[in-house]
Amino acid sequence: MQTFNDIASLRAEIHRQRLAGQRIAFVPTMGNLHAGHIKLVTEGLRHADRVVSSVFVNPTQFGPGEDFDNYPRTLPRDQEQLSAAGCHYLFAPPVEEMYPGDQAQWAKVVVTDITDRHCGAARPGHFDGVSTVVSKLFNIVKPDLALFGKKDYQQLAVIRRMTTALCFDVDIIGVDTVREANGLAMSSRNGYLSAQEKARAAALYQSLCRAREHILQGQRDYGAISQEAELTLAAAGFEPEYFSVCRQDTLAPATADDRHLVILAAARMGRARLIDNIDFSLS
Ligand code: PAF
């Protein structure tokens, strides 16, 4: 695997590959890789001839008081894992390469509406930072397809919207969440949990599964389902942020008539803010 730290040399190599008729898949990450990221690379290899991954802890998607400074940076280990997974190119730029010059000269990509709720409401400006950096990365890599984990369900929806709205010629592929044996969704932020907290954090996925079960059995009072789940999460040691039954397409609260549902949840345990979700359809 070749590693690039600057835009120009990565572009030149990808241009060569494209001229040789190679199809390019792209897996953007912030590093501290786990099995969920590696699955994105493996899926990329199924769809393309060359896989490019990026490791960039993007400052513009962190709010004041969030964990930008402490976000785990593990580049040598990430390089080993990507290389072992068969990734061809790694782009690991310094911040000044992605955001050169004076902040007053920067541009921002804002996706409206779908960013208003859930993580968008809890983390103002977060999705502007994500859309901006992913737009830049798409313009640098110019991939045929890009892969994102479904664990960040709202992020995936925002990127799909952005790709359509800005006419990026990139296929967006959502890849299923990889879980620990106890059901906890793999996340770079799980590293903030103690062994005991990690065991208790399984309650997040369990409460999503229980809520789905209630709905599949015919319950349609989504407010009551959410309330019960938040109480269960609090009893397990979580500080629930939201637990919401939504429409898959808009992420707006679902009504009893909606068929394609996703339950989105966010909750804090100790130092970690964890998110998870479950999507399903009613017949
Ligand atoms: O999901 C992430 O790791 C980040 O939000 C992304 C998509 C790499 C943008 O920085």
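Residues numbered from 1 in each chain as written. Predicted model: local features only at pLDDT ≥ 70, side-chain atom pairs only at ≥ 80, totals over all residues. Heavy atoms only, no water.

Q: Help me out: how do you make sense of the sheet that holds strand S2 (residues 24–29) in this one?
A: The parallel open sheet is built from six strands, whose spatial order is S1-S4-S3-S2-S5-S6. Of all strands in the sheet, those with a lone pairing partner are strand S1 (2–4) and strand S6 (171–175), marking the two edges. On average, each strand axis in the sheet is tilted by 25 degrees relative to the strand beside it, whichever way the strands run. Strand direction decides the pairing type here: strand S5 (residues 145–149) and S6, joined by five bridges, are parallel. Bridge pairing links Phe148 to Gly174 in S6. Helix H2 (residues 35–47) contacts S2, strand S3 (50–55), S5 and S6 of the sheet and is inclined by roughly 150 degrees relative to S5. Seen against the sheet, helix H6 (residues 126–141) touches S2, S3, strand S4 (89–91), S5 and S6 and runs at an angle of roughly 150 degrees to S2. (Pairing = 2+ DSSP bridges. Helix = DSSP H or I, 4+ residues; strand = E, 2+ residues; numbered from the N terminus. Axes fitted to C-alpha atoms, helices over the stretch in contact; angles between N-to-C directions. Contact = heavy atoms within 4.5 Å.)

Q: Just checking my understanding: could you explain the packing of helix H9 (residues 202–216) against helix H10 (residues 222–235) for this structure?
A: The packing of two helices is summarised by the inter-axis angle and the distance between the axes. Where H9 meets H10, the axes come as close as 10 Å, and the angle between the chain directions of the two elements is 155 degrees. Taken together, the axes of H9 and H10 are roughly antiparallel relative to one another. You can see that H9 and H10 cross each other, and the crossing is right-handed. Between H9 and H10, the contacting residues are Ala203, Leu204, Ser207, Arg210, Ala211, His214 and Ile215 on the first element and Tyr222, Ile225, Glu228, Ala229, Thr232 and Leu233 on the second. Counted by class, the contact of H9 with H10 contains eight nonpolar, three polar and two charged residues. (Parallel < 35°, antiparallel > 145°, perpendicular 65-115°, else oblique. Left-handed = near helix turned anticlockwise from the far one by under 90°. Nonpolar A, V, L, I, M, F, W, Y, C, P; charged D, E, K, R; others polar.)

Q: Honestly, the side chain of Thr132 in this entry has me stumped. Any pointers?
A: If you trace the backbone, Thr132 turns up in helix H6. Here the side chain of Thr132 touches Asp128 through a polar contact of 2.6 Å, landing on its backbone oxygen. Aside from chain neighbours lying at most four places away, what touches Thr132 is Ala107, Lys108 and Val109. (Polar contact = N/O pair within 3.5 Å; in protein donor to acceptor, adjacent residues only side chain to side chain.)

Q: Just to check I follow, could you spell out the nonpolar core for this structure?
A: Looking at soluble globular proteins, one finds that nonpolar side chains tend to be buried together. Counting residues in hydrophobic clusters, the biggest one holds 42 residues, and the most contacted among them are Leu10 and Phe138. Those elements that provide at least two residues to this core are helix H1 (7–19), S2, S4, H6, S5, helix H7 (153–165), strand S7 (239–247) and strand S8 (260–269). Sorting elements by how many residues they give to this core places H6 first, with eight residues. The contact partners of Leu10, leaving out residues within four places of it in the chain, are Phe4, Val52, Tyr89, Phe91, Ile140 and Val141. (Core = buried A, V, L, I, M, F, W, Y, C linked by side-chain atoms within 4.5 Å. Buried < 20%, exposed > 50% of the residue type's maximum accessible area, 1.4 Å probe, protein only.)

Q: Honestly, H10 in this entry has me stumped. Any pointers?
A: Each α-helix winds once per 3.6 residues, and so residues spaced three or four apart point in a common direction. Its 14 residues give H10 an end-to-end C-alpha distance of 20 Å, which sits within 8% of 20 Å, the value for a rise of 1.5 Å per residue. Taken as a whole, H10 has its buried residues at Tyr222, Ile225, Ser226, Ala229 and Leu233. The buried residues of H10 occupy one face: seen down the axis, they fall within an arc of 95 degrees. Of the exposed residues in H10, the ones pointing more than 90 degrees away from its buried face are Gln227, Leu231 and Ala235. Following H10 by one or two positions, Gly237 adopts a phi angle in the positive range, close to 100 degrees. (Expected span 1.5 Å × (residues − 1). Arc of directions from axis to C-beta.)

Q: Is there a simple way to think about the sheet that holds strand S9 (residues 272–281) in this case?
A: In sheet architecture, strand pairing relies on hydrogen bonds along the backbone and comes in two forms, parallel and antiparallel. Read across the open sheet, the three strands follow the order S7-S8-S9; overall the sheet is antiparallel. Strands with a single pairing partner mark the edges of an open sheet, and in this sheet they are S7 and S9. When the angles between neighbouring strand axes are averaged without regard to direction, this sheet yields 10 degrees. Here ten bridges tie S8 to S9, and the two strands are oriented antiparallel to one another. Along S9, the bridge assignment pairs Arg268 with Arg273. Along the sheet face, H10 touches S7 and S8 and points at about 150 degrees away from the line of S7.

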